[in-house]
Amino acid sequence: MKNRLTIVMALMVGFAMPAFGDDSGGNSVYIKQSAGDGLDLTITQTGYNNAIGNENSLTTPEFNFDGDNITATMIQDGMNNSITGNIVGSGTTADIEQTGTGNSYVINMGSHGSSDGSLTLKATGNDNTATLNFATTSSATGYNYNANITGDSNALTSTVNSRYATVDITSTGDNNTINTTQSGFNGSSQNPGHGISITNSGSGNSISVSQDGSTARNSANVNVTGTNASVSVTQH
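Everything numeric in this text was worked out from a predicted model, so none of it was measured.

Calculation criteria
- Residues numbered from 1 in each chain as written.
- Predicted model: local features only at pLDDT ≥ 70, side-chain atom pairs only at ≥ 80, totals over all residues.
- Heavy atoms only, no water.
- Helix = DSSP H or I, 4+ residues; strand = E, 2+ residues; numbered from the N terminus.
- Buried < 20%, exposed > 50% of the residue type's maximum accessible area, 1.4 Å probe, protein only.
- Contact = heavy atoms within 4.5 Å.
- Areas by Shrake-Rupley, 256 points an atom, 1.4 Å probe, with all protein chains shown as cover.
- Pairing = 2+ DSSP bridges.
- Phe/Tyr/Trp six-rings, centres within 6.5 Å; stacked < 30°, edge-to-face > 60°.
- Polar contact = N/O pair within 3.5 Å; in protein donor to acceptor, adjacent residues only side chain to side chain.

This part takes up the overall build of the chain. Within the chain, the regular secondary structure consists of 0 helices and 18 strands. Every one of the 236 residues in the chain was classed for burial, and the buried ones make up 47%. Across the chain, the fraction of contacts at a sequence separation of at least 24, relative to all contacts at a separation of at least 6, is 54%. On the chain, roughly 10,000 Å² of surface is accessible, and the fraction owed to carbon and sulfur atoms is 48%.

Okay, the pairing of strand β6 (residues 83-88) next. Among the 6 residues of β6, 6 are classified as buried, and the element is accordingly described as predominantly covered. Residues I83, G85 and I87 line one face of β6 and the alternating positions T84, N86 and V88 line the opposite face, and both faces are buried. Across 3 bridges, strand β4 (residues 63-66) lies against β6 in parallel orientation. Bridging from a neighbouring strand, F65 pairs with I87 of β6. As judged from the 5 bridges shared by β6 and strand β8 (residues 105-109), these two strands associate in the parallel manner. From the neighbouring strand, G85 faces β8, where its bridge partner is I107.

Here we take up the pairing of strand β5 (residues 71-77). Covered by surrounding structure in β5 are A72, M74 and Q76 only, the residues T71, T73, I75 and D77 on the alternate face being uncovered. Two strands pair when backbone bridges link them, and strand β3 (residues 39-46) and β5 are joined in this way by 7 bridges, in the parallel orientation. When the sheet's bridge partners are listed, T46 is paired in β5 with D77. As paired elements, β5 and strand β7 (residues 93-99) share 7 bridges and run parallel to each other. Within β7, the position partnered with A72 by the bridge is A94.

This model, assessed by the stated rule, comprises 3 aromatic pairs. Ring centres 4.9 Å apart and planes at 70° place the aromatic pair F63 and F65 in the edge-to-face group. Judged on exposure class, the residue F63 and its partner F65 are both buried. Each member of the aromatic cluster is reached from another via a ring pair, and the members are F134, Y143 and Y145.

This paragraph deals with unusual backbone geometry. Although it is not a glycine, A51 sits at a positive phi angle of roughly 145°. Position of A51 relative to the elements: it lies in the loop between β3 and β4. If you check the backbone angles, A155 has positive phi at about 115° while not being a glycine.

Next up on the list: the side chain of N128. Tracing the chain through its elements places N128 in the loop between β9 (118-124) and β10 (130-134). Judged by its relative accessible area of 2%, N128 is buried. Of note is the side chain of N128, whose polar atom sits 3.0 Å from the backbone nitrogen of N154. Apart from residues no more than four positions distant in its own chain, N128 is found in contact with G102, N103, S104, A123, I149, G151, D152, S153 and N154.

Structural measurements only, silent on function.
Following this line, the structure appears as structure tokens:
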């Protein structure tokens, strides 16, 4: 049985609930859930400061889900944005969308022995940046993430430590810089290795891919169109 929680916040609107913190200067959300399986969460923030979690700390005040089969949708539309937190457990699906101004992501997803996590990330416009960490040891399995970043300063750094993982990144326009590292070994069902696909169109570029440790075949497909470029792919 799913537990459902929906939070909608608009420009200049604050709220106070026992489980959450309220920043009178904007619209911040702090959540801590421990051993709570089956949560269905939707957070929508429109305008002004935004903030899910504390952009300066992963622990205080926190944005933390610990449980299996969580479905989380987070939307930030306009202004300073930022999502910082931990999503722990197996079978979790997270969809994150930021449109306009500050942007920023720091997300840890999965843990030792967790499996089948999925993250979809979409950023449109302005300062972007992301730091994404998937799983903590190679005993985690089956992580997938898809990132689509359009416009402005960009920069995406991701580290995946899992027996196998699939990554699909699309970046269009402006300063770019994409780094991704995949490690862990022994694959999973049908024995796949790590897989990554990166498509980048335009501007500063600079893409680096490292895949290490899989005893199955790894695959990397990198397609860069236009400007300063510089691509490095390493597979062990």
